[in-house]
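# Tertiary structure, described
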Amino acid sequence: MQYPTISEYVKANQDVSDNLDMSTKVTEEELNEAIIDEFGVKYSKDGRKLLKVPYELNGTNSIKEGVRIICDEAFLDLSLRSLVIPDSVTSIGERAFMCCKSLESLVIPDSVTSIGDSAFMGCGALRSLVIPDSVTSIGNSAFSGCESLNSVIIPDGVTSIGGGAFRGCSSLTDIVLPDSVTSIGGGAFRGCYSLTNIVIPNSITSIGTRAFEGCDFLTNIAIPDGITSIGKYAFWGCNSLTNIAIPDGITSIEKRTFLDCKSLSSVVILEGVTSIGDDAFMGCESLNSVIIPDSVTSIGRGAFWGCWSLNSLVIPDSVTSIGDDALRGCTSLTDIVIPDGVTSIGNRAFRGCTSLSSLVIPDSVTSIGESAFGGCNIPNALKQELISRFGEKIFG
């Protein structure tokens, strides 16, 4: 009987492994059967998975050739400065390098196809990164909190950027998203305070909730025509953003999408949008020009509250309701025409519009909320007419 050689036996084991699910999770069985090298690093018995690195390991290190999987939390919270990852690695697991606060240098080889959730989260010393062409997805919070990261190259193969992927990367100044990307996850660039420029390709169809919240120095962003949804709070606090055009693929401007964009002066909303959500432009104190298309049917609560510079606004005939506090505190607004389609005006809708002196309210309006025009300097004759129709409460 002829027995296999050692090399044949190893190859047979590897061939079997190729057909198994190469999960990034570590099992008790794998730990019990682990091979431990001279540095105390634990590998799976077939050498394909790096399971765990001892806490004592620090400085500059390299991973053995043949490793395909860096498992979840393998290097968690180590004092690692640099690392060489071999070309054999295809997957980097969740939290694999999380909180490696001293990690400054890292080369991800072309063999890697996926970067797991929170893989490099909290690597505060990491300054630059080249993501290879082979990577197709960047996991949730993958580089969150990498506060020294100032340069990232995202390759053409990436199709999705996970939620919080670059959240808190406060040194990141600009980024180009390739045409292959179709979605930007919630909070993906939230708190990237130094980000001044980002190019969003036409391939993007959705921008997640809080995607760019707190990007204080972002001055300009072009939203491509292919976008069909922008999440709540997406651009909240983008204080340097000066103008924005909402494409016709968007049907709703969500709650607080542009809240406190203090430098935003011009907004163009194209046909297709049917509703302007609650607090959508609240606190945009430089906003002086808004074009609302005929497709809009409702203006939400607090939609333009505190837009001090807004001096005129044309509400289209398609609008049927104006929400509570919708234009409250628009102190530069001098006149407003409520179209025939409107049936209700909410509480405090125009309260504090101290420059408002001309007002037309059609017969279609059947209800006006309390203090809807409180603090407005409306001529007495017009004021008395409105009181006779809707009662004194509208000026309370």
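This text gives an overview of the structure that appears in the document. This one's a predicted model, so the numbers in the text were calculated from it and none came from an experiment.

### Regarding the packing of aromatic side chains
Applying the stated criterion to the full structure yields 13 aromatic pairs. Taken together, a centroid distance of 5.2 Å and an interplanar angle of 40° make the contact between Y233 and W236 tilted. A residue is classified by how much of its surface remains accessible, and W236, at 25% relative accessible area, is partly exposed. Connected via pairs of aromatic rings, a cluster forms that spans F75, F97, F120, F143, F166, F189, F212, F235, F258, F281 and F304. Positioned over the ring face of F395 is K383, at 5.2 Å from the centre of the ring.

### Description of the sheet that holds strand β4 (residues 58–62)
Strand order in the open sheet made by the three strands is β4-β6-β8, with parallel pairing throughout. One side of each edge strand has no neighbouring strand; the edge strands of this open sheet are β4 and β8 (105–107). Taken pair by pair, the neighbouring strands of this sheet meet at an average axis angle of 25°, ignoring direction. Strand direction decides the pairing type here: β4 and strand β6 (residues 79–84), joined by five bridges, are parallel. Within β6, the residue paired with N58 across the bridge is S79.

### Considering a negative patch on the surface
A cluster of acidic side chains, namely D225, D248, E271, D294, D317, D340 and D363, defines a negative patch on the protein surface. Mapping D248 onto the fold places it in the loop between β19 (243–246) and β20 (252–253).

### Things to note about the sheet that holds strand β21 (residues 266–269)
Reading across the sheet, the three strands line up as β19-β21-β23 and stay open at both edges, with parallel pairing between neighbours. The sheet terminates laterally at β19 and β23 (289–291), the two strands that pair on one side only. Each neighbouring strand pair of the sheet contributes to a mean axis angle of 5°, computed without reference to strand direction. Summarising the sheet, β19 and β21 pair through four bridges and their orientation is parallel. Along β21, the bridge assignment pairs I246 with I269.

### Some points on the pairing of β6
Strand direction decides the pairing type here: β6 and β8, joined by three bridges, are parallel. Across the sheet, residue L83 finds its bridge partner in β8, namely L106.

### Side note on the pattern of salt bridges
Counted by the stated rule, this structure contains 13 salt bridges. R348 is the partner of D325 in a salt bridge, and the nearest nitrogen-oxygen pair spans 2.8 Å. Remark: R348 occurs in the loop between β27 (344–345) and β28 (358–360) and D325 occurs in the loop between β25 (321–322) and β26 (335–337); sequence separation between them is 23 residues. On the accessibility criterion, D325 (4% relative accessible area) is buried. Shared partners join several salt bridges into a network, and the residues in it are E73, E94 and R95.

### Some words on helix α3 (residues 380–390)
Among all positions in α3, only L382, L386, I387 and F390 are buried. Buried residues along α3 cover an arc of 140° about the axis, so they all sit on one side. Projecting away from the buried face of α3 at angles above 90 degrees are the exposed residues N380, A381 and S388. Taken together, the buried residues of α3 touch β28 and β29 (367–368). Phi for G391, located one or two positions after α3, is positive at around 90°.

### Quick notes on the nonpolar core
One finds F75, F97, F212, F281, F304, F350 and F373 to be the most contacted residues of the largest nonpolar core, which totals 121 residues. Sorting the residues of this core by element identifies β6, β19, β21 and α3 as the ones contributing at least two each. Looking at this core element by element, the count peaks at four residues for α3. A34, L51, I69 and C71 belong to the second-largest nonpolar core, a separate cluster that totals five residues.

About the thresholds
- Every residue gets a number counted from 1 within its own chain, in the order that chain's sequence is written.
- Reporting of local features is limited, given that this is a predicted model, to residues whose pLDDT is at least 70; pairs of side-chain atoms are given and counted only at 80 or more, and all residues count toward the totals for whole chains, interfaces and linings.
- The side-chain quantities take in all heavy atoms of the structure and omit both hydrogens and water.
- Aromatic contacts are taken between Phe, Tyr and Trp rings whose centres are within 6.5 Å, Trp giving its six-membered ring; a plane angle under 30 degrees counts as stacked, one over 60 as edge-to-face, and the others as tilted.
- Exposed residues in this analysis have more than 50% of their type's maximum accessible area, buried residues have under 20%, and partly exposed residues fall in between, with area computed by a 1.4 Å probe over protein chains only.
- In this scheme, the term charge over a ring applies when either NZ of a lysine or CZ of an arginine sits within 6 Å of the ring centre and within 35 degrees of the ring normal.
- Only strands that DSSP links by at least two bridges are regarded as paired with each other.
- A helix here means a DSSP run of H or I that spans at least four residues, while a strand means a run of E at least two residues long, and both kinds are numbered starting from the N terminus.
- Whenever a helix is involved, its axis is fitted only over the stretch in contact; in every case the axis is a line through C-alpha atoms, and angles between N-to-C directions fall within 0 to 180 degrees.
- Here, patches come from residues exposed beyond 30% relative accessible area and free of salt bridges, joined within 9 Å for like charges and within 5 Å for nonpolar side chains (Val, Leu, Ile, Met, Phe, Trp, Tyr).
- Only the protein chains shown count as cover for residues, and all accessible areas are computed by the Shrake-Rupley method using a 1.4 Å probe.
- A pairing counts as a salt bridge when a side-chain nitrogen of Lys or Arg comes within 4 Å of a carboxyl oxygen of Asp or Glu.
- Positive charge is attributed to Lys and Arg, negative charge to Asp and Glu, and no charge count is given to His or to the chain ends.
- Here the site of a charge means atom NZ of a Lys, CZ of an Arg, CG of an Asp or CD of a Glu.
- As used here, the arc belongs to the directions running from the helix axis to the C-beta atoms.
- The criterion used for residue contact is that any of the two residues' heavy atoms lie within 4.5 Å.
- Put simply, a nonpolar core is a bunch of buried Ala, Val, Leu, Ile, Met, Phe, Trp, Tyr and Cys residues held in one set by side-chain atoms that sit within 4.5 Å of each other.

Everything listed here is a matter of coordinates, which is why it stays silent on function.
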